[in-house]
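Summary of structural features
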Amino acid sequence: MKLVTFVPPDGQPRAGVLLGDAVIDLAAAAPLALDAPEDVQWDMLSLLQGRQEDVTLDTAEEITGVVIDALGSSTLEALTSNGTTGNGSHDQGLAGNVTIGGVEMLLPLRQVSLLAPLPRPSSLRLVDTEDDQPFPLITFGNHGAVVGPDADIVTPFSGSGYLGCWLAMACVIGQMGRDIAVEEAADYIAGYTLLNEWHDPYDETGLADFAYTMGPYLVTPDELELYTDDEGALALTLNIRINSATHWRGNFATQRFTFAALIAHASRDVTLYPGDVIGYAVRHEDVYVGRGDMIELEATGLGVLSNRVV
């Protein structure tokens, strides 16, 4: 699944599933598959934590399957024939909302706004690796400063108009664990997404990391099995573009550690919780951009995380 947090035209942010050029509104579609009460919370953190009996990643998958079965073949083809490239903004296959049983449960992407798939992580860990370090270097970021794809990034502090970007892939933890063995760590991953840490290279206040962008969606591990080897390494092609021009290209399989190894290291004498995010830098060097620049991070299967500096 490609999980999203979206804002409908006349509603509050909630969790959904990307289906081609549309978003399945899990809250609206839930009665097709479940007898869940109306007052349950359908946000991403609730799906990950599973504290409500009928609000879990498994039930999201069940709802998605029922919706797909309920769609006519022509509607399903219209949704998926064009596919979604990048952040899912390609939206030509669906003319309007799709109702099943009189309830609107599929919304065209152009009618909604995508937020960060997990707008308020439980925690945010940032990992970098240096060649002379035997272990990953882990620092904590401000998990309350996460925004989503296509959000404008306002230059703060120095007024120089230039920002540094630390671009990463990230995994989101899906179950609680402590002292997790590396052989079992992959089972703790709920999904993967893209992450960009923004800082002001001229700031002298010590408040270097002032914003993080995440998205465009959270991809469950089963969708990336084709690109995953027996050791858990992800062979995903990576592209960084500035104003549509390629700035850097690489492959995530060249990283020193797998996400399983990072999880095992991060959980030593520490409990990880559902909704914790671990971001792993895709390259050691920062990327620098200025006002008016658009920066895009693209990864196979994970879409494009795009933001403009203003």
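Residues numbered from 1 in each chain as written. Predicted model: local features only at pLDDT ≥ 70, side-chain atom pairs only at ≥ 80, totals over all residues. Heavy atoms only, no water.

1. Here we look at the sheet that holds strand β16 (residues 245-251)
The test is simple: At least two bridges found by DSSP between two strands is the condition for calling them paired. By the criteria applied, helices consist of DSSP H or I runs no shorter than four residues and strands consist of E runs no shorter than two, each listed in order from the N terminus.
An order of β10-β21-β20-β15-β16 is seen for the five strands of this open sheet, with the pairing classed as mixed. What marks the edges here is a single partner per strand, and that holds for β10 (152-153) and β16. With five bridges connecting them, strand β15 (residues 237-242) and strand β20 (residues 294-299) associate as antiparallel partners. Opposite R241, over in β20, you have E296 as the bridge partner.

2. Some words on the nonpolar core
Convention followed: Residue types Ala, Val, Leu, Ile, Met, Phe, Trp, Tyr and Cys, when buried and joined through side-chain atoms within 4.5 Å, form a set referred to as a nonpolar core. Only protein chains enter the accessibility calculation, which uses a 1.4 Å probe; a residue is then buried when its area is under 20% of its type maximum, exposed when over 50%, and partly exposed in between. The contact criterion used throughout is that any non-hydrogen atoms of two residues lie within 4.5 Å.
Ranked by size, the top nonpolar core spans 51 residues in total, and within it M169 and F259 carry the most contacts. With six residues, the top contributor of residues to this core is strand β11 (residues 162-173). Residue contacts for F259: discarding those within four places in its chain leaves M169, A170, C171, I189, Y192, L234, F252, I278 and Y280. Core analysis: the next-biggest nonpolar cluster, separate from the first, contains 44 residues, A116, L124, A190 and L195 among them.

3. Regarding unusual backbone geometry
G215 connects to P216 through a cis peptide bond whose omega is 0 degrees. For P216, the location among the structural elements is in strand β14 (residues 209-219). The phi dihedral of D150 falls on the positive side, at around 70 degrees, and the residue is not glycine. When you line up the elements, D150 lands in the loop between β9 (146-147) and β10. A relative accessible area of 48% places D150 in the partly exposed class. Positioned with a positive phi, D269 is a non-glycine residue whose angle comes to about 60 degrees. When you line up the elements, D269 lands in the loop between α5 (259-266) and β17 (271-272).

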